[in-house]
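Observations on the model geometry
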Amino acid sequence: MALHTTNGSTLRSDVLDDAYASSDLARQLPAFYFPKGETDARHAYEAVHDELMLDGNSRQNLATFCTTWLEPEVRDLMAETVDKNMIDKDEYPQTAAIEERCVHMIADLWNSPEAAETIGTSTTGSSEAAMLGGLAMKWRWREKRRAEGKSTDTPNLVCGPVQVCWHKFCRYWDVEIREIPMEGDRLIMTPEEVIKRCDENTIGVVPTLGVTYTGQYEPVADVAAALDKLQADTGLDIPIHVDGASGGFLAPFCDPDLEWDFRLERVVSINASGHKFGLAPLGVGWVVWRDRDHLPNDLVFNVNYLGGNMPTFALNFSRPGGEVISQYYNFLRLGREGYRKIQAACYETAQALAKAIRKTGPFEMLYDGEGGIPALCWSIKEGVDVPYTLFDLADRLRTSGWLVPAYAMPPHREDLVIQRILVRHGFGRDMAMLLIEDMKRAIDYLTKHSPSQSLGPDDATVHNHTGR
Ligand SMILES: *Cc1c(COP(=O)(O)O)cnc(C)c1O
């Protein structure tokens, strides 16, 4: 005999029912209250799994810089290491050793004079890495100022159009940001603009290798040379931290003669995102210092309560170890040769896309995938009258699943609206050409059915289903 449950179904039917015939899935999922009872694991899984379909397909997200394609071996390693905590260096000594190896390998990749002796750490991403690099510069500047008996009240940092993590760094740690605004066709920093903003309170200069807005590399070597001259003229010794979030794992493979790294004496530290062109799964970044002197001891904490006495310099405590392990797998699996081939394919696809998009509409390429990261960006040609905006085009492309962001540039070029594509591992030439087909169709549609009210920068559609 079957037992009856409160809602009239039976235990027997609860066990045997198809998930979608179950009472569990015959209701909306809770969003604003903590559920009282349990849900069958299979039903809960189906429900959550299905909701995630609404996220769309990450491979078609051409806005992100981050990894969206992984080898099956990486998925295996991630599953095998789901229990490993990066902070428990005493409990998981081999994971800690692998992290150390990665730091030295990256130091070698970035031409550290003594890669085996270098100091650095993995982080959750470039944002945390930037905080650590910035803090080290602030500490060193403050020590020097104190030793000279001078004020330490008004530190500043000089940069080009930076990623938001540097705005965060400056606000969180009370540093004035001197961000060089864009001007006319100049969308990145120049040595002249950097030097104009430097003074005795400058903790450091941060060029970006792969500017977020356009993908271009900022001229690190020229900026370093200008700072050398500034020191010769005035005695001011201002260090460089390179934000190599993307470029840190591109330039060494595809542009090995470009001097942007520790080959330049003035570069004291570098960050990069392992989960971008480092090709690791989401959740890993790196920061490496030229040598121990550039990481003040004061910032390193020793904890003994995990067993052992471990120095740590991080904003987080616990975090997963799988990303670091996968990063090591990638280094081993690909080597310089493998990385070069993958990234070269991305550059070729970006350049092919730039050519095709030029022909697709009244577009002007602002960056075509040469001299920066494998990306491209364009605007609508000046003086051309089209019945749609790039925001409309982005919105229309969403109907076929593509995410090709349109956005306004930062000060002083807010008037300039651009659209950008990032070409990453796993976005092949065939997909790229199918995207072009969809773009042509979208442009056709928008030309025939001119939007009565075009979308602008403030209309960015928020696609989420939190509330009811
Ligand atoms: C992505 C990016 C960051 C932030 O990196 P996360 O790894 O996402 O934290 C910082 N700077 C630049 C130039 C970037 O492209």
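Owing to the predicted nature of the structure, the values given are computational and were not obtained by experimental measurement. Counting from 1, residues in each chain are numbered in the order their sequence is written. Local features in a predicted model are, by the rule used here, given only for residues with pLDDT of at least 70; side-chain atom pairs are given and counted only at 80 or more, and totals for whole chains, interfaces and linings are based on all residues. Side-chain metrics rest on all non-hydrogen atoms present in the structure, leaving aside hydrogens and water.

Judged by how many residues are buried, strand β1 (residues 119-123) sits mostly within the fold: four of five residues are covered. Any two strands are treated as partners once DSSP identifies two or more bridges connecting them. Numbering of helices and strands starts at the N terminus; helices are DSSP runs of H or I of at least 4 residues and strands are runs of E of at least 2. Here five bridges tie β1 to strand β7 (residues 285-289), and the two strands are oriented antiparallel to one another. By the bridge assignment for β7, G120 is matched with V288. Only protein chains enter the area calculation, which uses a 1.4 Å probe; residues under 20% of their type maximum are buried, those over 50% are exposed, and those in between are partly exposed.

Here we take up the domain arrangement of the protein chain. Note that the domain bounds were set by an automatic or database domain assignment. By domain assignment, the protein chain separates into domain 1 (2-55), domain 2 (75-331) and domain 3 (344-448). Its C-alpha centre places domain 1 at a distance of 47 Å from the equivalent point of domain 2.

Next up on the list: the nonpolar core. What we call a nonpolar core is a set of buried Ala, Val, Leu, Ile, Met, Phe, Trp, Tyr and Cys residues that are connected through their side-chain atoms within 4.5 Å. Counting residues in each nonpolar core, the largest one holds 60 residues, and the members touching the most others are W110, V205, I240 and F249. In terms of residue count, helix α10 (residues 322-360) provides more of this core than any other element does, seven residues in total. The criterion used for residue contact is that any of the two residues' heavy atoms lie within 4.5 Å. When near neighbours in sequence (up to four residues on either side) are disregarded, V205 contacts V158, M189, V194, C198, V223, L227, I238, P239, I240 and H241. Counting residues in each nonpolar core, the second largest holds 30 residues, with L62, A354, F363 and W402 among its members.

Glancing now at the packing of aromatic side chains. Within 6.5 Å between ring centres, the rings of Phe, Tyr and Trp (the latter by its six-membered ring) count as paired, and their orientation is classed by plane angle as stacked under 30 degrees, edge-to-face over 60, tilted in between. Counted by the stated rule, this structure contains 10 aromatic pairs. Ring centres of W166 and F169 lie 6.0 Å apart, and the angle between their planes is 70 degrees; on these two criteria the pair is classed as edge-to-face. Here W166 and its partner F169 are both found in helix α6 (residues 164-172), three residues apart, which amounts to about one turn of the helix. Exposure class is identical for W166 and F169. Each is buried. Ring centres 6.1 Å apart and planes at 40 degrees place the aromatic pair F249 and F331 in the tilted group. Residue F249 is found in the loop between β5 (240-243) and α9 (251-254), and its partner F331 is found in helix α10; the two are separated by 82 residues along the sequence. For the pair F249 and F331, a shared accessibility class is recorded, and that class is buried. These aromatic residues form a ring-pair network of at least three members: W110, F249, F253, W260, F331 and Y339. Charge-over-ring contacts are defined here by two conditions on Lys NZ or Arg CZ: a distance within 6 Å of the ring centre and an angle within 35 degrees of the ring normal. Directly above the ring of W139 sits R142, whose terminal nitrogen or CZ lies 4.2 Å from the centroid. Between the NZ or CZ atom of R396 and the centre of the ring of Y445, over which it lies, the distance is 3.5 Å.

Time to look at the sheet that holds strand β10 (residues 363-367). The sheet built from four strands is open, its strands ordered β10-β11-β13-β12 with antiparallel pairing. Lying at the two open borders of the sheet, with one neighbouring strand each, are β10 and β12 (406-408). Between one strand axis and the next, the sheet turns by 35 degrees as a mean value, whatever way the strands run. Both strand β11 (residues 375-380) and strand β13 (residues 417-422) contribute to a ladder of four bridges, which runs antiparallel. Bridged to A375 within β13 is L422. All axes here are fitted lines through C-alpha atoms, helices being fitted over the stretch that makes contact, and every angle between N-to-C directions spans 0 to 180 degrees.

Time to look at the site of the ligand. In the vicinity of the ligand there are 13 residues, among which S126, S127, D243, H275 and K276 approach most closely. Pairing of N or O atoms within 3.5 Å defines a polar contact, subject to two protein rules: one partner must be a possible hydrogen donor and the other a possible acceptor, and residues neighboring in sequence count only if both atoms are side-chain atoms. Note that a nitrogen atom of the ligand is positioned 2.6 Å from one of the side-chain N or O atoms of D243. Method for areas: the Shrake-Rupley scheme with a 1.4 Å probe, in which residue coverage is limited to the protein chains shown. If the ligand stood free it would expose 380 Å²; the protein chains cover 88% of that surface. Partitioning the shell around the ligand into residue classes produces two nonpolar, nine polar and two charged. Summary of the distance rule: residues count as near a molecule or strand when at least one heavy atom falls within 4 Å of that molecule or strand. Three categories are distinguished: nonpolar for Ala, Val, Leu, Ile, Met, Phe, Trp, Tyr, Cys and Pro, charged for Asp, Glu, Lys and Arg, and polar for the others, with Gly belonging to the last.

Further remarks concern the pattern of salt bridges. Throughout this description, the term salt bridge denotes a Lys or Arg side-chain nitrogen within 4 Å of a carboxyl oxygen of Asp or Glu. One pass over the structure, following the stated rule, counts 21 salt bridges. In this structure, K341 engages E337 in a salt bridge whose closest nitrogen and oxygen atoms are separated by 3.7 Å. You can see K341 and its partner E337 sitting in helix α10, four residues apart, about one turn around the helix. Taking relative accessible area as the criterion, K341 reaches 52% and is therefore assigned exposed. Here D415 ties to R413 by a salt bridge, and the two come within 3.1 Å at their closest N and O atoms. Among the charged side chains, a salt-bridge network with shared partners connects E176, R178 and D199.

Helix α12 (residues 429-448) packs onto α10 with a crossing angle of 20 degrees between their chain directions and a minimal axis gap of 10 Å. One element, α10, and the other, α12, form an angle in the roughly parallel class. Relative to α12, α10 is oriented so that their crossing is right-handed. Listed contacts from α12 to E348, T349, A352, L353, A356, I357 and T360 of α10 are R429, A432, M433, L435, I436, M439, K440 and I443. Across the contact of α10 with α12, the residue classes break down as 10 nonpolar, two polar and three charged. For this classification, under 35 degrees means roughly parallel, over 145 means roughly antiparallel, 65 to 115 means roughly perpendicular, and everything else is oblique. Should the near helix be turned anticlockwise from the far one by less than a right angle, the crossing is left-handed, and should it be turned clockwise, the crossing is right-handed.

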